[in-house]
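Examination of the molecular architecture
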Amino acid sequence: MEIKTINYDKIDETMYLYQHKSGLKVFVIPKKGYSKKFAAFGTHYGSINSEFVVNGERVKVPDGIAHFLEHKLFEQKDGSVMDKFSKLGSNPNAYTSFSQTVYLFSCIDKFFENFNLLLDYVQNPYITEESVEKEKAIIGQEIRMYEDNPDWRVFFNLLDAFYKENPVKIDIAGTIESISKIDREILYKCYNTFYHPSNMVIVVVGDVEVEKVFQMVEENIFKSEKDIEIERIFPKEPDEINKHYKEQKLAVAMPLFLMGFKDVNFESKGINCLNREIAVKILLEIILGRSSDLYTELYNEGLINNTFDFDYSIEENYAFSSFGGESKDPLLVKEKVISKIEDLCKKGIDEKDYQRIKKAMRGRFIRQLNSVDRIAHMFMSVYFKEVNIFDYLNVYDQITFDYVEKVFREHFNKERLAVSVIKPIS
Amino acid sequence: MFKDSQAKKIASFNGITLFWIPTNKFKTNSINIFFHDNLTNANASKNALIPAVLRRGCTKYPSIRDISLYLDELYGTSFDCGVTKKGENQIIQFYIEYISDKYISENIDITKKAFDFLMEIITEPVLEDGCFKNEYVAQETEKMKELIKGRVNNKMHYAVERCLEEVCKGEPFGIYDYGSLENLESINCKDLYEHYLKFIKTLPMYVFVSGDLKPEDIDYIKDNLFKIDREEVIDIKEAEIEIAVDKVKNVTETFDVNQGKLSLGFRTNTYPNDEEYYKLILYNSILGGGVHSKLFQNVREKEGLAYYVFSRLEKFKGLMVISSGIEIENKDKTIEIINKQLEDIAKGNITEYEYEAAQKSIETGIKSIKDSQLQLVDFYLSQYITKSEDTPDMVIEKVKNASIKDVADIALKVKLDTIYFITNNEKEI
């Protein structure tokens, strides 16, 4: 068994890697002295993969199916796998995002019994028509819950404003109407397409015996080499945004907003995608972070409060920045952001700000390595972009001011600025 | 040396108690300073405004921008403050977390810098004509009003908090963490500053330092805490826990929502420092503390009524809440299924699986506390408030001693007080 060891001496971390003959890669990040052990088994398949070609057949499936499949995988021939994890005292969970589905557990004891269960159930779906119908009621309530959640709605409305065609604008769980079309056969078709080990990854974080993890994978992954080719089909998305403004009314006390810039011309794989992420995040800090003049102005004028936050997302076929929170006048915030950006275009970015913020962000990155859960989640969120979380350290070491300036001029284009607002009903 | 999981009491003077949690497994160290007050209508909003105003600036860093510039230079040190309630105590927290020396190339004595900063924030506010800066007080009062009004935005949390407030209507626990809009209206800059002077001098203080620190760092912190000008500290009252329920209350609020939210509020009549409390922990876990629980298995898995359903304890006031998001027309049916679970547990109809899984789930939860500095601090602070000497391992042991019969016995003490429901206008119930 060939095990690769990578040391990150500057931050006292080590990562071990092994590849199974099926193509499945397995990573272990040991955390000495931690009680909690965390394992995640993820597939490169999420809510945006509703159209694909497999073995020459072009398939279009109902929205929400990746998430539905995630729910159904917990059901096994002899009952719910949740119960088996519960007996071991561990916490099983799973989540579906736009481009991945991840099955995980955290535990204190009996790591290998838990790990064996994880490997087993993710490889062995047992889906019946009856259980599919029952799940429609539960997921129906999950969809209803999100319909009333203003943070969720303001986010999806922004995606709808950005994108004309991109499936990222569709709610991960689908709609009550779309999930009504899901049946057993179509779930198996998606499973058989996207759950081949070569399309998957395992990461284990915690104080575990490294070799035993790899040994267990070696013995318990039963598929061998890749037997299918998947072609993911995405509709063509124009560079321009779908609409500049989208508004919805909900039972909230004061308006909330999310706005941002749709990104174009980005590389979505490899270190360049992390470079761009860090560059935009540094720029967002410079433009509207707590140390900026703009933040002070918006805060003092009562246009934002402590709910204000910002972020940048970059995935395989979309990328965008976003910032928002509660505000009595979201459109005035927009005007002030635009004029600040125009001002920075003229004056240029101060290199001292860049240096200071980079130093702070590097420190905050290291702090995140305190948490076993956080490491595993961060790992999964970047892995299918063909990078690993420790690559962020290289980004902080190598990123240049010139590059950040270049990204500033590319990304913050007001033609691609969209605004989403949730207003109170009355 | 001390055991990794232990909070060591370093010193106690002038109503200030200093704890150290030595550990070297984290990449950061943290300092937490807590002030405790009794939760009252008169003080709740004032106490909530104090950290909000103090975080606007101190003499040395007089604005959010200045603070932020400084913390960026300290390698992205994070600082925050705010209020929470534990039972009928209002707790005002000041927190700083900074990267450990070993990940910093320059020698800057970051612990000393972080502690000094936190002290400057607390003791050297920006003053104007011998009072807080009026602009800061006015702005923070407005923002706190927004915060109170904004409670309704998250219906899931709102349904839990409002239910427990209704259970304790007229008792101190019924006061919201930030007080009320009426109270905020009546606060002026001068009152608030006078309140602050009393706050600093007379509220009991708990200081928790955690991480890989040198003894001289601890000495430095102790010596400087000693310099704070203090007077006799106030008494913190214990919450009243044993309260009889005459009649179950029904409270309904109407919003324009798609999903109904059902919360049931209970009095457990159990004190957190009583041996009975460990039985209650087990009871709650079997009832609604995870995927193994009766509520999850029946309300969600068997009946498909909900996506989420859980029960949770508020240990300091002896309360329990069950909460779920459901179709509005399923309210009665859901209550019926919940009642059936409550009856079963009281009869001792608990399977071996439910018992074992609940035990293990509690053990996992408590052992996980050791992996987070904030959770460790919160655990020991809570123990201190309830005057319990138990470490996490001792809590696990005591819960292990609870039997199925103990769970059925404790069930008899848990009394339904309030049924709270969020509905919409469209459908008649």
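Residues numbered from 1 in each chain as written. Chains lettered and ligands numbered in written order. Predicted model: local features only at pLDDT ≥ 70, side-chain atom pairs only at ≥ 80, totals over all residues. Heavy atoms only, no water.

Our focus in this paragraph is the interface of chain B and chain A. Note: interface size is frequently given as the accessible area lost on complex formation between the parts. At the junction of the two partners, chain B supplies 64 residues and chain A supplies 61 residues. Each partner contributes to the roughly 5,500 Å² buried at the junction of chain B and chain A, and carbon and sulfur atoms together form 50% of this total. Counting the surface chain B buries against chain A, the share from its top three residues, Lys27, Asn153 and Tyr307 of chain B, is 13%. Run the count over chain B and chain A and you get 8 salt bridges. The closest approach of N and O atoms between Glu97 of chain B and Arg367 of chain A, which form a salt bridge, is 4.0 Å. Across the chain B-chain A interface, the total number found is 36 residue pairs in polar contact (both at pLDDT 80 or more). Only helix 2 (64-73), strand 5 (89-99), helix 4 (134-149), helix 5 (155-167), helix 10 (294-302), strand 12 (319-326) and helix 12 (352-368) of chain B provide two or more residues apiece to the side of chain B that touches chain A. (Contact = heavy atoms within 4.5 Å. Buried area = accessible area lost by both parts, 1.4 Å probe. Salt bridge = Lys/Arg side-chain N within 4 Å of Asp/Glu carboxyl O. Polar contact = N/O pair within 3.5 Å; in protein donor to acceptor, adjacent residues only side chain to side chain. Helix = DSSP H or I, 4+ residues; strand = E, 2+ residues; numbered from the N terminus.)

Attention now moves to the domain arrangement of chain A. All names here are of chain A. Looking at the assigned domains, one finds that chain A contains domain 1 (3-232) and domain 2 (245-424). With centres defined by C-alpha atoms, the gap from domain 1 to domain 2 works out at 28 Å. Contacts between domain 1 and domain 2 engage 45 residues on the former and 45 residues on the latter. Across the domain 1/domain 2 interface, buried area totals approximately 3,900 Å², and carbon plus sulfur atoms make up 70% of it. On the domain 1 side of the interface with domain 2, the three residues burying the most area are Ile11, Val154 and Phe162, jointly 16% of the side's total. For the pair domain 1 and domain 2, the number of links is 3 salt bridges. Where Asp160 meets Lys246, a salt bridge forms, and the shortest distance between an N and an O atom there is 2.9 Å. In this structure, the connection of domain 1 to domain 2 is made through 14 residue pairs in polar contact (both at pLDDT 80 or more). Elements represented by at least two residues in the side of domain 1 that touches domain 2 include exactly strand 2 (13-19), strand 3 (25-29), strand 4 (37-43), strand 10 (101-107), helix 5 (150-162) and strand 11 (200-205). (Domains from an automatic or database assignment.)

Residues and elements named next belong to chain A. By the secondary structure assignment, Lys358 is in helix 12 (residues 351-368). Asp397 provides the closest opposite charge to the buried, unpaired Lys358, separated from it by 6.9 Å. Sequence-distant contacts of Lys358, that is, excluding residues within four places in its chain, are made with Ile282, Tyr396 and Ile399. (Buried < 20%, exposed > 50% of the residue type's maximum accessible area, 1.4 Å probe, protein only. Lys, Arg positive; Asp, Glu negative; His and termini not counted.)

Here we take up the packing of helix 3 (residues 111-123) of chain A against helix 8 (residues 210-220) of chain A. Any two packed helices are characterised by how steeply their axes cross, that is the angle between the axes, and by the distance between the axes. All names here are of chain A. The N-to-C vectors of helix 3 and helix 8 enclose an angle of 30°; their axes lie 11 Å apart at closest approach. When the axis of helix 3 is compared with that of helix 8, the two are roughly parallel. Considering how the two elements wind past one another, helix 3 and helix 8 form a crossing that is right-handed. Contact residues: Phe111, Phe112, Phe115, Asn116, Leu119 and Gln123 in helix 3; Lys212, Val213, Met216, Val217 and Asn220 in helix 8. In terms of residue class, the contact of helix 3 with helix 8 is made up of 7 nonpolar, 3 polar and 1 charged. (Axes fitted to C-alpha atoms, helices over the stretch in contact; angles between N-to-C directions. Parallel < 35°, antiparallel > 145°, perpendicular 65-115°, else oblique. Left-handed = near helix turned anticlockwise from the far one by under 90°. Nonpolar A, V, L, I, M, F, W, Y, C, P; charged D, E, K, R; others polar.)

Below, the discussion takes up helix 14 (residues 392-400) of chain B. All names here are of chain B. Taken residue by residue, helix 14 has Pro392, Val395, Ile396 and Val399 as its buried positions. Seen along its axis, helix 14 keeps its buried residues to an arc of 100°; they face one direction. Where helix 14 is buried, its residues contact helix 9 (276-288), helix 12 and helix 13 (373-385). (Arc of directions from axis to C-beta.)

Turning next to the packing of aromatic side chains. Applying the stated criterion across every chain yields a total of 59 aromatic pairs over all chains. Aromatic side chains Phe365 of chain A and Tyr396 of chain A sit 6.4 Å apart centroid to centroid with 45° between the ring planes, which places their arrangement in the tilted category. Of this pair, Phe365 of chain A sits in helix 12 while Tyr396 of chain A sits in helix 14 (residues 391-398), placing them 31 residues apart in sequence. Like Phe365 of chain A, the residue Tyr396 of chain A is buried in the burial classification. Ring centres of Tyr277 of chain B and Tyr278 of chain B lie 6.0 Å apart, and the angle between their planes is 70°; on these two criteria the pair is classed as edge-to-face. Here the two residues Tyr277 of chain B and Tyr278 of chain B agree in accessibility, since each one is buried. Looking at Lys25 of chain B, its charged tip hangs above the ring of Tyr34 of chain A, at a distance of 4.7 Å from the centre. (Phe/Tyr/Trp six-rings, centres within 6.5 Å; stacked < 30°, edge-to-face > 60°. Lys NZ or Arg CZ within 6 Å of the ring centre and 35° of its normal.)

A separate point is the packing of helix 1 (residues 44-54) of chain B against helix 4 of chain B. Residues and elements named next belong to chain B. Between helix 1 and helix 4, the shortest axis-to-axis distance is 9 Å and the interhelical angle comes to 125°. Viewed along their axes, helix 1 and helix 4 adopt a mutual orientation that is oblique. Here helix 1 runs over helix 4; the crossing is right-handed. Between helix 1 and helix 4, the residues in contact are Ala48, Leu49, Ala52 and Val53 and Tyr136, Val137, Glu140, Thr141 and Met144, respectively. A per-class count over the contact of helix 1 with helix 4 returns 7 nonpolar, 1 polar and 1 charged.

A cluster of like negative charges, contributed by Asp101, Asp109, Glu216, Asp219 and Asp223 of chain B, occupies part of the molecular surface. For Glu216 of chain B, the location among the structural elements is in helix 8 (residues 215-226). (Patch = residues over 30% accessible without salt bridge, like charges linked within 9 Å, V, L, I, M, F, W, Y side chains within 5 Å. Areas by Shrake-Rupley, 256 points an atom, 1.4 Å probe, with all protein chains shown as cover. Charge placed at Lys NZ, Arg CZ, Asp CG, Glu CD.)

Further remarks concern the nonpolar core. In terms of nonpolar packing, the biggest core is built from 145 residues, with Ile33, Phe35, Phe94 and Leu225 of chain B touching the most fellow members. Three or more residues apiece are contributed to this core by two domains, here domain 1 (3-232) and domain 2 (245-424) of chain A. Setting aside chain neighbours within four positions, we find Phe35 of chain B in contact with Gln90, Ile91, Ile92, Phe94, Ile122, Phe199, Ile200, Leu203, Pro204, Met205 and Arg230 of chain B. Phe74, Phe85, Tyr103 and Cys107 of chain A belong to the second-largest nonpolar core, a separate cluster that totals 60 residues. (Core = buried A, V, L, I, M, F, W, Y, C linked by side-chain atoms within 4.5 Å.)

A separate point is the sheet that holds strand 10 of chain A. Residues and elements named next belong to chain A. Strands sit in the order 1-2-3-11-4-10-9 across an open sheet of 7 strands; the sheet is mixed. Where the open sheet ends on each side, the last strands, each with one partner, are strand 1 (4-8) and strand 9 (91-96). Within the sheet, the average angular offset between the axes of one strand and its neighbour, ignoring direction, is 15°. For strand 4 and strand 11, the ladder comprises 6 bridges, and the chain directions are antiparallel. For Thr43, the partnering residue across the bridge sits in strand 11 and is Met200. (Pairing = 2+ DSSP bridges.)

So, on to the side chain of Asp171 of chain A. Residues and elements named next belong to chain A. By the secondary structure assignment, Asp171 is in the loop between helix 5 and helix 6 (176-179). Side chain to side chain, Asp171 and Trp152 meet in a polar contact 3.1 Å long. Contacts of Asp171, omitting those with residues within four sequence positions, involve Trp152, Arg153 and Phe156.

Residue and element names in this part refer to chain B. Take Ser403: it is sitting in the loop between helix 14 and helix 15 (404-411). Residue classification places Ser403 among the partly exposed positions, given a relative accessible area of 29%. Put simply, Ser403 and Pro62 are 341 residues apart on the chain and 57 Å apart in space, counted from C-alpha to C-alpha.

Our focus in this paragraph is the sheet that holds strand 1 (residues 8-13) of chain B. Residues and elements named next belong to chain B. One open sheet holds the 6 strands; their spatial order is 1-2-8-3-5-4, and the pairing between them is mixed. Each of the sheet's edge strands pairs with one partner strand only, and the pair in question is strand 1 and strand 4 (78-86). For this sheet, the mean angle separating the axes of adjacent strands, direction not counted, is 15°.

The next subject is the state of the cysteines. Counting across every chain of the model gives 0 disulfides over all chains. We note that Cys131 of chain B lacks a disulfide partner, and the nearest cysteine sulfur, in Cys189 of chain B, lies 3.4 Å from it. (Disulfide = S-S within 2.5 Å.)

Here the focus is the pattern of salt bridges. The final tally for this structure, using the stated rule, is 78 salt bridges over all chains. Between Lys359 of chain A and Glu73 of chain B there is a salt bridge; the shortest N-O distance is 3.2 Å. Pair noted here: Lys359 of chain A is in helix 12 and Glu73 of chain B is in helix 2, and the two residues belong to different chains. With relative accessibility at 23%, the residue Lys359 of chain A sits in the partly exposed group. We note a salt bridge from Glu142 of chain B to Lys145 of chain B, for which the minimum N-O separation is 3.2 Å. Of the two residues, Glu142 of chain B and Lys145 of chain B are both situated in helix 4; the distance of 3 residues between them amounts to about one turn of the helix. Linked by salt bridges that have partners in common, Arg151, Glu161, Arg162, Glu165, Glu166, Lys169 and Glu253 of chain B make up one network.

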